[in-house]
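Observations on chain architecture
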Amino acid sequence: MKQIKYILFALACTLGLSSCMDGDWSNPVNEETQNTFGNQYITESNLLTIAQLKSKYSSVIDGGSYEQVSKPTQIKGIVTGNDVEGNIYNEISLQDETGAILVCIAQGGLFGYLPIGQEILIELEGLYVGGYGKMAEIGTLYTSATGSTYVSRMSRATWNNHFRILSSNNPVTPMEVTNVAKLDLEKDAGKLITLRGVQLQDANGTATFAPKDGSVTLTANCANRAFVGISSSKLVLRTSTYSDFANAIMPTGTIDVTGIFTRYNNTWQILLRKESDIQPSSYTPEPPAEPKGDGTKDNPYNVAGVLAYIGTLGADVESSKDVYVEGVVTGVTEPFSKQFGNATFTMGDSEDGTSEFTFYRGLYFNNKKYSDESATNVAKGDKVVICGKVVNFKGSTPETAQGKAYVVSINGEGGSDTPDTPDTPGGDSNVTVTVDGTVVTLINGDATASSSATSIDLSTQGWANAEEVTSVTLTDGTTITFSKGEGGTTPKYYDGTKGVRLYAKNTIAITGSSKAIAKVVLNCDSNNGTDYVGNPTLYGTAKDKTLTVINEHDSTSGGVQLRVKTIDITYAE
């Protein structure tokens, strides 16, 4: 009998659902529905807000890990996104007045009994909380074919035992924004949001959202579409090839886009719930500011001015001089912390302006690391002046060069007029370090590169899983030595990494048999949204025929591991 009721109920939902926003539903929660779906014995005994839950498990969420909830704990919220048109798969988005989170469920047709506006209570005991690309999720554990374990979809039976329907037809109003930089990656991830007054970069009147014809690169059967004037490293529209509107033509012109704003590390990914979540826009954005200033201390560039200057440099060309820039903080990606001593934030000429410039992992007042948790930090709306070298990273992201800029002042207060020499962790000034995705490159400025080069795949050295490693000698006599250094853990080889993991303060010393080392490229591991390229304070030294890499950190443990899979070595002339 229950099966018949379920089928009739699902059919009624499929035929009757017409809108995700206006609460016009024909399936109000009643006793029969409540008894069919969920667990009516769940009560509010240890209720947390979603923000409290995310704060409690912030370390595993940010670290791409997971933790099982070991005692009775509940959250409740309103369903804001489901699989109604197939773009959101095997999950729902749940939101309360404090924040939002994804709930992973291995079941199709969730929209039938979890429509938009449904309020539910979830018992978390026995379930797992974790992060994928720092996006908070609830579910059970899944281990991939490569050995990676993360929070994923719970079975239908498990889910049915862990939730209770409370009410339906609750109003669902998206948060409206006109500048994505004003969103907070920690607080706003997972929320239902409308981004107003934007344009799709590839919309030309014929291009579709997620075709399978090879015209767009697909990642996990999804197409990421960029927006005009916004770097794809900041924001994309993510559409599944299995969605009902995958082959619909993308709208041209200025639009308003409503969807679940998930995150993958520091990139916003908008998940449409249905094709009608995109509508023509009547919003008129603030016109860009006029470029001003000359980049000097007495006449700093405004943001429009530094963008114009960076445009003359070419892709990935670092400025030869330090420039001063003033503007308003529009978003904080990484606030100053004692752990790393640096920060990342975006700047504009006003809070609502369209121009955007990134202060990327720069230092604090006086060109020093941030070391005092009670000291002034940066926040949205602050008026700041920064100084340093700038670059157009990959030709699409104008920013300061990593570690080569500092904050001069925040709201008129700052350090001395004459900044100190930049902090360095002890590395040679002529060994430069750059990080591009999962690739770490170290260049010895005192050596001239030759055409002689070699490489090593660390997964082919015959080491056992979790074996401590010390050194390896290449066929040409070059030695690679892995050392604990001043750290608390010795480097180890792991099958899952397919390489060697180096921890805080561990080192790699590469010594040529007859020539010095001009360049070293470390190809590293990425897992669950984290690129394991070492700490921001990683540095290199070069002496005689040895180039040494140090995964520097402010303690003997913690930080970001350096998980090296292969090493490419270029010798000096």
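In this text the structure is predicted, and so the values were computed from the model without any measurement.

Section: the overall build of the protein chain
- Counting its secondary structure elements, the protein chain contains six helices and 38 strands.
- Along the three orthogonal principal directions, the C-alpha set of the protein chain runs to about 80 × 60 × 50 Å.
- Taking contacts inside the protein chain between residues at least 6 apart in sequence as the whole, the part at least 24 apart equals 70%.
- Carbon and sulfur atoms provide 47% of the accessible area of the protein chain, an area that totals close to 25200 Å².
- One finds the centroid of the 44 positive side-chain charges in the protein chain at a distance of 4 Å from the centroid of its 63 negative side-chain charges.

Remarks on the pattern of salt bridges
- All chains considered together, the criterion is met by 12 salt bridges.
- Linking Arg361 and Glu334 is a salt bridge whose minimum nitrogen-to-oxygen distance equals 3.7 Å. Here Arg361, found in strand 20 (residues 357-362), pairs with Glu334, found in strand 18 (residues 323-334); they are 27 residues apart in sequence, far enough to count as distant.
- Residue Arg361 is classed as partly exposed on the basis of its relative accessible area of 22%.
- Lys505 is paired through a salt bridge with Glu552; the nearest N and O atoms lie 2.6 Å apart. Note that Lys505 is positioned in the loop between strand 31 (499-502) and strand 32 (507-511) and Glu552 in the loop between strand 37 (546-550) and strand 38 (562-572), a separation of 47 residues in sequence.
- Among the charged side chains, a salt-bridge network with shared partners connects Glu486, Lys505 and Glu552.

Notes on the pairing of strand 5 (residues 119-123)
- Of all five residues in strand 5, five are buried, a share of seventy percent or more.
- Sheet topology places strand 2 (residues 74-81) next to strand 5; five bridges connect them, and they run antiparallel. Residue pairing for strand 5: Ile75 is matched across the bridge by Ile122.

Some words on the packing of aromatic side chains
- A full pass over the atoms with the stated rule returns 17 aromatic pairs.
- On the numbers, 6.1 Å between centres and 75° between planes, the contact of Tyr66 with Tyr128 is edge-to-face. Pair noted here: Tyr66 is in strand 1 (residues 66-68) and Tyr128 is in strand 6 (residues 128-132), with a separation of 62 residues, a long-range link.
- For Tyr66, a relative accessible area of 31% puts it in the partly exposed group.
- Look at Tyr128 and you get buried, because its relative accessible area is 16%.
- Between Phe336 and Tyr364, the ring centres sit 5.0 Å apart and the planes meet at 75°, which makes this aromatic pair edge-to-face. Here the residue Phe336 occupies a position in the loop between strand 18 and strand 19 (343-348), and Tyr364 occupies one in the loop between strand 20 and strand 21 (383-393), the gap between them amounting to 28 residues. Tyr364 matches Phe336 in its accessibility class, with the two residues each being buried.
- Linked through ring pairs, Phe37, Tyr113, Trp159 and Phe163 together constitute an aromatic cluster.
- Above the face of the Tyr494 ring, Arg501 is positioned so that its terminal group lies 4.2 Å from the ring centre.

Observations concerning the confidence of the model for the protein chain
- Confidence along the protein chain averages 88 in pLDDT terms, with 91% of residues attaining 70 or more.
- Here residues 1-28 is modelled with pLDDT under 50, and outside its nearest four sequence neighbours on either side it reaches 39 contacts, counting other chains as well.
- Here residues 422-426 is a poorly scored stretch, pLDDT under 50, and it has 10 contacts once near neighbours within four places are set aside; other chains count.

Here we look at helix 6 (residues 303-310)
- Extensive coverage of helix 6 is indicated by the burial of six of its eight residues.
- The set of residues buried in helix 6 consists of Val303, Ala304, Gly305, Val306, Tyr309 and Ile310.

Focus on the pairing of strand 37
- Taken across its five residues, strand 37 has four buried, putting it largely inside the fold.
- Inspection of the sheet shows strand 32 paired to strand 37 by five bridges, in the antiparallel sense. From the neighbouring strand, Ala509 faces strand 37, where its bridge partner is Thr548.
- In this structure, strand 36 (residues 539-543) lies alongside strand 37, joined through five bridges in antiparallel fashion. Paired with Lys543 across the strands is Thr546, a residue of strand 37.

Remarks on the nonpolar core
- Membership of the largest hydrophobic core comes to 35 residues, with the highest contact counts inside it found for Ile120, Ile122, Ile138 and Trp159.
- Elements that contribute at least two residues to this core include exactly helix 3 (50-56), helix 4 (58-62), strand 2, strand 3 (91-95), strand 4 (100-104), strand 5, strand 7 (135-143) and strand 9 (163-167).
- It is strand 2 that provides the largest number of residues to this core, a total of three residues.
- Setting aside residues up to four positions removed in sequence, Ile122 forms contacts with Thr73, Gln74, Ile75, Leu94, Val103, Leu127, Trp159, His162 and Phe163.
- Counting 29 residues, the second largest nonpolar core, distinct from the first, contains Leu442, Val500, Val533 and Tyr571.

Some points on the sheet that holds strand 37
- If you trace the five strands from one edge of the open sheet to the other, you get 28-29-32-37-36, paired in antiparallel fashion. Each edge of the open sheet is held by one strand with a lone partner, namely strand 28 (471-473) and strand 36. Within this sheet the neighbouring strands show an average axis-to-axis angle of 15°, counted without direction.

Quick word on unusual backbone geometry
- The phi dihedral of Asn221 is positive, around 60°, even though this residue is not glycine.
- For Asn221, a relative accessible area of 40% puts it in the partly exposed group.
- Although it is not a glycine, Arg361 adopts a positive phi angle of roughly 45°.

Considerations on the side chain of Thr507
- Relative to the elements of secondary structure, Thr507 occurs in strand 32.
- Contacts of Thr507, omitting those with residues within four sequence positions, involve Thr481, Phe482, Ser483, Gly485, Leu502, Thr548, Val549 and Ile550.

Things to note about the side chain of Arg263
- Its location among the elements puts Arg263 in strand 15 (residues 255-264).
- Looking at Arg263, its side chain comes within polar contact range of the main-chain oxygen of Leu185, at 3.4 Å.
- A distance of 2.8 Å separates a polar side-chain atom of Arg263 from the backbone oxygen of Asn265.
- If sequence neighbours within four positions are ignored, Arg263 has contacts with Tyr132, Gly133, Lys134, Met135, Leu185, Glu186 and Ala189.

Calculation notes
- Residues numbered from 1 in each chain as written.
- Predicted model: local features only at pLDDT ≥ 70, side-chain atom pairs only at ≥ 80, totals over all residues.
- Heavy atoms only, no water.
- Helix = DSSP H or I, 4+ residues; strand = E, 2+ residues; numbered from the N terminus.
- Contact = heavy atoms within 4.5 Å.
- Areas by Shrake-Rupley, 256 points an atom, 1.4 Å probe, with all protein chains shown as cover.
- Lys, Arg positive; Asp, Glu negative; His and termini not counted.
- Charge placed at Lys NZ, Arg CZ, Asp CG, Glu CD.
- Salt bridge = Lys/Arg side-chain N within 4 Å of Asp/Glu carboxyl O.
- Buried < 20%, exposed > 50% of the residue type's maximum accessible area, 1.4 Å probe, protein only.
- Pairing = 2+ DSSP bridges.
- Phe/Tyr/Trp six-rings, centres within 6.5 Å; stacked < 30°, edge-to-face > 60°.
- Lys NZ or Arg CZ within 6 Å of the ring centre and 35° of its normal.
- pLDDT = per-residue confidence, 0-100.
- Core = buried A, V, L, I, M, F, W, Y, C linked by side-chain atoms within 4.5 Å.
- Axes fitted to C-alpha atoms, helices over the stretch in contact; angles between N-to-C directions.
- Polar contact = N/O pair within 3.5 Å; in protein donor to acceptor, adjacent residues only side chain to side chain.

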